[in-house]
Amino acid sequence: MQTAQVLFQTEHIQFDKYPDALVPAIVQDSRSRKVLMLGYVSREAWQKTIETGKVTFFSRSKQRLWTKGETSGNYLYLREARLDCDADALLLLVEPVGPVCHTGEDTCFFENNDAEGFLFLQELAQLIHERKVMPKEGAYTSHLFEKGIPKIAQKVGEEAVETVIEAMKKDLPRLHEEAADLMYHLLVLLEACDTSFDAVAEVLRQRHLTKGK
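Bear in mind the structure is a predicted one, so any value in this text is a computation, not a measurement.

Trainee: Is there a simple way to think about the overall build of the protein chain in this case?
Mentor: Within the protein chain, the secondary structure is distributed over 6 helices and 7 strands. Along the protein chain, from the amino end to the carboxyl end, the secondary structure elements read β-β-β-α-β-β-β-β-α-α-α-α-α. Computed over C-alpha atoms, the radius of gyration of the protein chain comes to 22 Å, more than 25% over the 17 Å expected from 2.2 N^0.38 for 213 residues, which places it beyond the range of a compact globule. Across its three principal axes, the protein chain shows a C-alpha extent of roughly 65 × 50 × 30 Å. Residue pairs at least 24 apart in sequence account for 51% of intrachain contacts in the protein chain once pairs closer than 6 positions are excluded. About 13,100 Å² of surface is accessible on the protein chain, with carbon and sulfur atoms providing 55% of the total. Side-chain charges of the protein chain comprise 26 positive and 33 negative groups, with the mean position of each set lying 1 Å from the other.

Trainee: Before we go on, may I ask you to explain helix α1 (residues 43-52) in this structure?
Mentor: Along an α-helix, residues three or four apart share an orientation, since each turn contains 3.6 residues. Buried within α1 are the following residues: Ala-45, Trp-46 and Thr-49. The arc that holds every buried residue of α1, seen down its axis, measures 100 degrees, which confines them to one face. Looking at α1, the residues exposed on the side facing more than 90 degrees away from the buried face are Glu-44 and Glu-51. Contacts made by the buried residues of α1 are with β1 (5-6), β3 (35-41), β4 (56-59), β5 (64-67), β6 (76-83) and β7 (90-96). Where α1 terminates, the next one or two residues include Gly-53, which has phi positive at roughly 80 degrees.

Trainee: Honestly, the sheet that holds strand β2 (residues 23-29) in this entry has me stumped. Any pointers?
Mentor: The pairing of strands in a sheet happens through backbone hydrogen bonds and is either parallel or antiparallel. The strand order across the open sheet formed by 5 strands is β1-β6-β7-β2-β3, and the pairing between neighbours is mixed. In the strand order of this sheet, the two ends are held by β1 and β3, each with one partner. The pairing of β1 with β6 spans 2 bridges and is classified as parallel. The residue bridging Gln-5 from the neighbouring strand is Glu-80, located in β6.

Trainee: Is there a simple way to think about a nonpolar patch on the surface in this case?
Mentor: A cluster of nonpolar side chains, Ile-26, Val-35, Leu-38 and Phe-109, forms an exposed patch at the surface whose accessible area comes to about 340 Å². Along the polypeptide, Ile-26 turns up in strand β2. For Ile-26, a relative accessible area of 39% puts it in the partly exposed group.

Trainee: Just checking my understanding: could you explain the pairing of β4 for this structure?
Mentor: Side chains on a regular strand alternate between the two faces of the sheet. Burial of β4 is two-sided: the residues Thr-56 and Phe-58 facing one way and the residues Phe-57 and Ser-59 facing the other way are all buried. Looking at chain direction, β4 and β5 are connected through 4 bridges and run antiparallel. Bridge assignment links Thr-56 to a residue of β5, and that residue is Thr-67. The antiparallel hairpin formed by β4 and β5 contains 4 residues in its connecting segment, where Gln-63 sits at a positive phi of about 55 degrees.

Trainee: Could you clarify how one ought to interpret the pairing of β2 in this entry?
Mentor: With 6 of 7 residues buried, β2 lies mostly within the body of the structure. Bridge count for β2 against β3 is 6 bridges, and the pairing is antiparallel. Across the sheet, the residue bridging to Ile-26 is Leu-38, located in β3. Hairpin connection from β2 to β3: 5 residues lie between these consecutive antiparallel strands, with Arg-33 at a positive phi of about 65 degrees. As defined by bridge partners, β2 adjoins β7 across 5 bridges and the pair is classed as parallel. Note on β7: the bridge partner recorded for Val-27 is Leu-92.

Calculation notes
Each chain carries its own residue numbering, running from 1 in the direction its sequence is written. Residues qualify for local features only when their pLDDT is at least 70, as the model is predicted, and side-chain atom pairs are given and counted only at 80 or more; totals for whole chains, interfaces and linings, by contrast, use all residues. Calculated side-chain values reflect all of the structure's heavy atoms, with hydrogen atoms and water omitted. Here a helix means four or more residues in a row that DSSP labels H or I, a strand means two or more in a row labelled E, and each is numbered from the N terminus. Here the globule rule reads 2.2 Å times residues to the power 0.38, and the radius of gyration is calculated from C-alpha atoms. When checking whether two residues touch, look at their non-hydrogen atoms; a contact exists if any pair is within 4.5 Å. All accessibility values rest on the Shrake-Rupley procedure with a 1.4 Å probe; residue burial counts only the protein chains present in the view. His is not counted here, nor are the chain ends, while Lys and Arg score as positive and Asp and Glu score as negative. In plain terms, the charge of a residue is placed at NZ if it is Lys, CZ if Arg, CG if Asp and CD if Glu. Exposure is judged per residue with a 1.4 Å probe applied to protein chains only, and the accessible area is read against the type maximum: over 50% gives exposed, under 20% gives buried, and values in between give partly exposed. The arc under discussion is defined with respect to the helix axis, by the directions toward the C-beta atoms. Think of it this way: DSSP has to see at least two bridges between two strands before they count as a pair. Patch criteria: residues need more than 30% relative accessible area and no salt bridge. Like-charged residues are merged within 9 Å; nonpolar side chains of Val, Leu, Ile, Met, Phe, Trp and Tyr are merged within 5 Å. Counted as salt bridges are all cases of a side-chain nitrogen of Lys or Arg within 4 Å of a carboxyl oxygen of Asp or Glu.

The structure is reproduced here in structure tokens:
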């Protein structure tokens, strides 16, 4: 079981601040960053969450501990936990298994739990990292890592040229496809060089900040 990163001590949580000793917990997907639901955590529920790695709440309607997914199998696996500045609210970053809402929706706020834009690139970069450290037989990404940096760099160059060609032709569907191939192979190259997309994004951020001054 993957160990969750808990950025505080249990004794720091101000359970006694509330008459019912239940602390609100905002649940957020650790990858898409979408807010999934809001629940309430008692001291015992938090202890069980830490022990099992599955988020457990105190159900105010049932008046008992309730592990999300105990009947549906749609568990929330805790990946990171944060305590707010007043120590009276929790932020739980989780890896959900299936829909979160009892209505069958991805979230209790009727949103699709899909990573979008920049966040999806981070998710893709994470998958590429996993293919590097845990190769999967038959996976194209693992095959690229086996070939090494020269082959991966060659693919980046080829996809860059094809992207330019489609841009000059103004064939937008093909441009989108070739640009996607270029970005994918660039992420693989960064991982092969033991660096990350986040490092590149930080360079862009610093340039933006410098230009804005």
